[in-house]
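# Chains, contacts and geometry: an overview
Next come the chains, spelled out residue by residue.
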Amino acid sequence: MRGGRRDLDEDDVPVRARGGSRPRTRNRPKHEDARQGFVTAVDRGRYSCLVSDRPVVAMKARELGRGSIVVGDRVGLVGDLSGEPGTLARVVRVEERASVLRRTADDTDPVERVIVANADQLVIVCSLADPEPRPRFVDRCLVAAFDAGLDPLLCLTKADLDGPGGLLRTYAGVDLAHVVTSRTGDLSTLRERLAGRISVLVGYSGVGKSTLVNLLVPEAERSVGDVNPVTRRGRHTSTSAVALPFEGGWIIDTPGLRSFGLAHVSPDDVVAGFPDLADEAAECPPGCPHSGDAPGCALDAGVAKGRLAAERVDSLRRLLSSRDAEDDRH
C-alpha cells in the first residue's frame, strides 16, 4: 500500500471478451415447442411443409448446418406457422428418417444424392413402348429399393401400345408385384396399391409418369412431355420432387432420370437386389466377383443347368462391372 493505494497486478484488471460477446457454447436451443411438419417440396432454399392441414413455407435454421432437407422429411418448425402469404417459418429440427432413397450420378461417383426420405414403397414406372422398356434400369431401381428397405412395385404404362408379357417373363423368377396401366384404362388396382402408403415414383424420361400422376391426382397439374422422335428418349418435364396427398398416404413424384447410379451400394447388396440369383450366388467361392471369367462362379452353373436366366445373370454382371468402369448405365 503506497499513499493509501493498493498495488495492482493482472488479477485485479477486469478483462472483457473480444467484441463484448459471451463465450460460445455448444448448447443449442431444444425448441421443445416446435410443431411437426412434413416436407412436400424444396425450391432454392425454401421448404414447403404441411403442418396439420396447413401449408407453410420455411427456411432452414442456421444451427442445422449443411445437412440436407428433402421431400418426405418430418421436421420441427418454429416461427410464423400461419401460412399467410409472405410469411416464413424456420426448420429447426429434422426427425430421424425411417428410410432414405438415394442414388449417385453414375456408378463411379462417390457422392450420394438423397432423393426422398421416409417412403415405404418404390414404384418403378416403366413404359412398354415409346420408349421401349429398359430392364437394366428396372434392375437398378430394384437394388436401390432393397438398399433403402422399400417395397418395390413395377408399374407398366402404355399397355395400349404393347403387351406386358415379354417384360414380365424377364422377372418370372422374382417375387415382384406389378400393375399394368394404359392412358384410358382402369387405375383401381394401382390406387389400391398406393392408398395409405408413402410411395415414391421413379422412372426414366418419357414413360408417362407425370401423366399417371395427373390421372391419380388431377390437381397436381404436373408438366407432361413427349418422346423425342429422333432419340426415342423422353424429354425431362418434372424438374423437382413433390409430395402429393393421396387417399390417406402420399405420392412423391420425382424428375425423370437418365441413369440411376449405385456407387453407394456394396457389391453384396447389389447381388441381394437380384433375389432370383442371390441363392445361387451364395454357392460361389469366397470373394467371388461374379464376373464372366471368375473361376468357379456358381452363376455359370446355374445358367448351364437351366436354373437361372442368362439375361438376368448378364444384367447383374454388367451392373457389377460398371462400378469399376463406366459401362451400360441403363
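Residues numbered from 1 in each chain as written. Predicted model: local features only at pLDDT ≥ 70, side-chain atom pairs only at ≥ 80, totals over all residues. Heavy atoms only, no water.

The name an unreviewed UniProt entry assigns to the protein is Small ribosomal subunit biogenesis GTPase RsgA, from the organism Streptomonospora algeriensis. Taken verbatim from the UniProt record of the protein, the Sequence similarities (unreviewed entry) comment is "Belongs to the TRAFAC class YlqF/YawG GTPase family. RsgA subfamily." Under the UniProt heading Subunit (unreviewed entry), the note attached to the protein is "Monomer. Associates with 30S ribosomal subunit, binds 16S rRNA." (UniProt positions renumbered as here; feature names shortened; annotations may be inferred.)

Turning to helix H1 (residues 135-148), a few remarks are in order. The terminal C-alpha atoms of H1 lie 20 Å apart, and with 14 residues this matches the ideal 20 Å at 1.5 Å per residue to within 8%. Burial within H1 is extensive, with 10 of its 14 residues counted as buried. For H1, every residue scored as buried is listed here: Phe137, Val138, Asp139, Arg140, Cys141, Leu142, Val143, Ala144, Ala145 and Ala148. Those residues of H1 hidden inside the fold are in contact with strand E6 (100-103), strand E8 (121-127), strand E9 (151-157), strand E11 (198-202), helix H5 (267-272) and helix H8 (310-321). (Helix = DSSP H or I, 4+ residues; strand = E, 2+ residues; numbered from the N terminus. Expected span 1.5 Å × (residues − 1). Buried < 20%, exposed > 50% of the residue type's maximum accessible area, 1.4 Å probe, protein only. Contact = heavy atoms within 4.5 Å.)

Take the pairing of strand E12 (residues 242-246) next. With 4 of its 5 residues buried, E12 lies for the most part within the structure. One ladder, built from 5 bridges, connects E12 with strand E13 (residues 249-253); its direction is antiparallel. Within E13, the position partnered with Ala243 by the bridge is Ile252. Hairpin connection of E12 to E13: 2 residues between the antiparallel strands, including Glu247 at a positive phi of 45 degrees. (Pairing = 2+ DSSP bridges.)

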